[in-house]
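Descriptive analysis of the structure
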Amino acid sequence: MSVWRVLIGCLLLVGLVGPATVTAVGATGPDGTTAQPVAAGAQAVATEPGAVATELQPVAAHPEPVATEPQPLVAKPQPLATEPLTLTTTLRRTPDRVGEISATVSVDIPDQFTELRLTMPPNVTVIRTEGFTQSADGTYEWTKASDTPSVTYRVKANQRVENGQPGADGQYRFVDTESWAVVRLPPQPNVSGRITTQEEPPVVRETQIAGAGVAGDAIAFLGDYRLRTHTANGQQFRLLIPEAADLRAEPAAIFESLAAASDRLRVGDRDEDVFMIAAPTAEVDWAVRGLQLGDSDFWVRDTERLDTPANNWIHEYVHTRQDYEAARDARWFTEGSATYYGALLTLEQQRIGFDRFQRFIATGEDQPQSAAVLSEPETWENYANYRKGALIAGGLDRQIRLATAQEASLATVFRALNSHDGSVDANTFAGYIERVAGEQTAREAIGATTTDNLIPMWTADEHAAAFGQRPAAFDYRFAGDDPITVTDDDGTRIINGTNVTLSVNDTLAVEMTVENVGGTVGDYTLAFQTNDTELTRDGRLDPGETATHRFERQFSEPGVYPVRVGGEGLTVTVEQPGLGGVPLPTDSDIVSDIETPGFGVTSALLAVALVAGLGRRRG
């Protein structure tokens, strides 16, 4: 990213809005990160992305290259030797008008300007001017009474999900509360004017916060906060933790996970600065679990975990590494790849076992998302671009690895997409796969992305064959010869079979063995579930290692209790002594436990699709 420079002819200067970065300096804390106190404000200087060289050309035809930098207004610009025209936007909270913020644009005008006009963006309310006056055409003209005139306007800070989305009422993408705000940087005015010289001054835009807060290149936080920083792989990760947030994951663990993801994800240049906000959840019903905007800004709910296949910290980070323009028939790859790599990289970090990874990715096989055609967004039901998209992305990754003897992967194609000139469509995507892995794999890709064909979920053995070392995977089974017992006033008796009858206040005991049948060390969670209650045992095992756990449950009420433990099922009938038995349950009485694909529980069906929006807004 470099400074946006807009070249000026003798009569016209056009201002452009550019992204921005923030630099923070502080002392190193005991956890190895850099702690920043609550700041009085932070300044962000506009920059632009640099060009990425094309490394692979697709076999299929692709659009003509498009320019990657703003085009000058004159054919042969001269060296920039004059002072820049600088527009500094200062954001302020407006506690008396919750839901809005104010923006003051101050213009530092070089001497060669004789006229200067601002054209304000739509949907803002100008509340004050200094050194500008409104003209008949609605623009604001410089009165020359000040070399640093300004215009102040109000802008709505709250952004809800689009109208018509199910369950959208009260759910936010950006919000201003009574004490803090997470906002999208507001639109800025365009600039025109006259100058007296032939030299062409650049236009520089900066953003700063009045009071406590930090502005990134696309998102800002206004309010009290703590800042942690970490550097890895040429990237600086800045984690802003609002005072109102209750961060579930430790900052050091978040940095560790993202640094590992940064290293493993070899898909092109990395942004020098990644700006992250832990969005408070106590006061706000967020529409999504996270949202990425601009080049490398994103927020994630403060409740998000790292030990889940739906690792949203990695998901949003993957979006910062996506530097391509997707055509309509390739849009699925944006969320599908972020969902897939969020799970895969978490698996490779050994934060989850293969069984959880497998269940998560396999949701793409379920109806109705499995019937979607990924190249046709109108067919995306139940967030098929996330769920089926992750399954297809993973399936293609495995096939590419097998076809190339692990010399290439989906990341090779991902990198080529990032270097592609022009829009990436379905043919371009398949063309790169053919270039990397051959015609057969490309046919599989075309079938899986332009029809409702599926690439089925793969097993742990198939994963090991394609990805190298077999990941941790756990087998759960009854322990020994007599794993189930019942203890009553007369002692303990052994139960044969999985239908257990006992009396009120008797104690059921079940012993289970866990074995790591995978190829790497890993963590497991063994659950003993009875109706709405759950007991768990956690552990960590090396490959081939086993552990045994004992669960006990006393039943104080008569009834029929379905019990699930490590994939095994029991039916426990509890009788009141002397009153006879109770009927066995039907299938509809037994509740199965399924791990849903990380979109939360109450808002699972809404949360994920809402991040797919305009421009580079992602979730």
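Fair warning: this is a prediction, and the values are worked out from it, not measured in the lab. (Residues numbered from 1 in each chain as written. Predicted model: local features only at pLDDT ≥ 70, side-chain atom pairs only at ≥ 80, totals over all residues. Heavy atoms only, no water.)

1. A short note on the overall build of the protein
Looking only at helices and strands, the protein features 10 helices and 35 strands. In the protein, which comprises 619 residues, the proportion classed as buried is 53%. The long-range share in the protein, meaning contacts at least 24 apart out of those at least 6 apart in sequence, stands at 69%. A total accessible area of about 26900 Å² is found for the protein, and carbon and sulfur atoms account for 46% of it. (Helix = DSSP H or I, 4+ residues; strand = E, 2+ residues; numbered from the N terminus. Buried < 20%, exposed > 50% of the residue type's maximum accessible area, 1.4 Å probe, protein only. Contact = heavy atoms within 4.5 Å. Areas by Shrake-Rupley, 256 points an atom, 1.4 Å probe, with all protein chains shown as cover.)

2. Observations concerning the sheet that holds strand E17 (residues 213-215)
Sheet architecture is open: 5 strands sit in the order E12-E13-E14-E18-E17, paired in antiparallel fashion. Sheet topology places strand E12 (159-160) and E17 at the edges, where each strand pairs with a single neighbour. In terms of strand pairing, strand E14 (residues 181-184) meets strand E18 (residues 219-222) through 4 bridges, oriented antiparallel. Bridge pairing in E18 links Val-183 to Ala-220. (Pairing = 2+ DSSP bridges.)

3. Details of the sheet that holds strand E32 (residues 533-541)
Spatial strand order, E29-E35-E34-E31-E32: 5 strands in an open sheet with mixed pairing. Each of the sheet's edge strands pairs with one partner strand only, and the pair in question is strand E29 (499-503) and E32. Averaged over all pairs of adjacent strands, the angle between their axes in this sheet comes to 20°, without regard to strand direction. Examined bridge by bridge, E29 and strand E35 (residues 568-575) share 5 bridges and lie parallel to one another. Bridging from a neighbouring strand, Leu-502 pairs with Val-574 of E35. (Axes fitted to C-alpha atoms, helices over the stretch in contact; angles between N-to-C directions.)

4. Quick notes on the pattern of salt bridges
Within this structure, the stated rule accounts for 20 salt bridges. Glu-378 is the salt-bridge partner of Arg-328, the closest N and O atoms lying 2.5 Å from each other. Highlighted residues: Arg-328 in the loop between strand E24 (325-326) and helix H3 (332-348) and Glu-378 in the loop between helix H4 (354-361) and helix H5 (384-403), separated in sequence by 50 residues. For Arg-328, a relative accessible area of 47% corresponds to the partly exposed category. Using a relative accessible area of 55% as the deciding quantity, one classes Glu-378 as exposed. A salt bridge links Glu-511 to Arg-550, with the nearest nitrogen and oxygen atoms 3.5 Å apart. (Salt bridge = Lys/Arg side-chain N within 4 Å of Asp/Glu carboxyl O.)

5. Section: the packing of aromatic side chains
Each aromatic ring pair is characterised by the separation of its centres together with the angle its planes make. Inspection of the entire model under this criterion finds 17 aromatic pairs. Ring geometry for Trp-180 against Phe-221: centres 6.3 Å apart, planes inclined by 20°, an arrangement best described as stacked. Note that Trp-180 is positioned in the loop between strand E13 (172-176) and E14 and Phe-221 in strand E18, a separation of 41 residues in sequence. The same class applies to Trp-180 as to Phe-221, namely buried. Through successive ring pairs, a cluster of aromatic residues spans Tyr-324, Trp-332, Phe-333, Tyr-340, Tyr-341, Phe-414 and Phe-429. (Phe/Tyr/Trp six-rings, centres within 6.5 Å; stacked < 30°, edge-to-face > 60°.)

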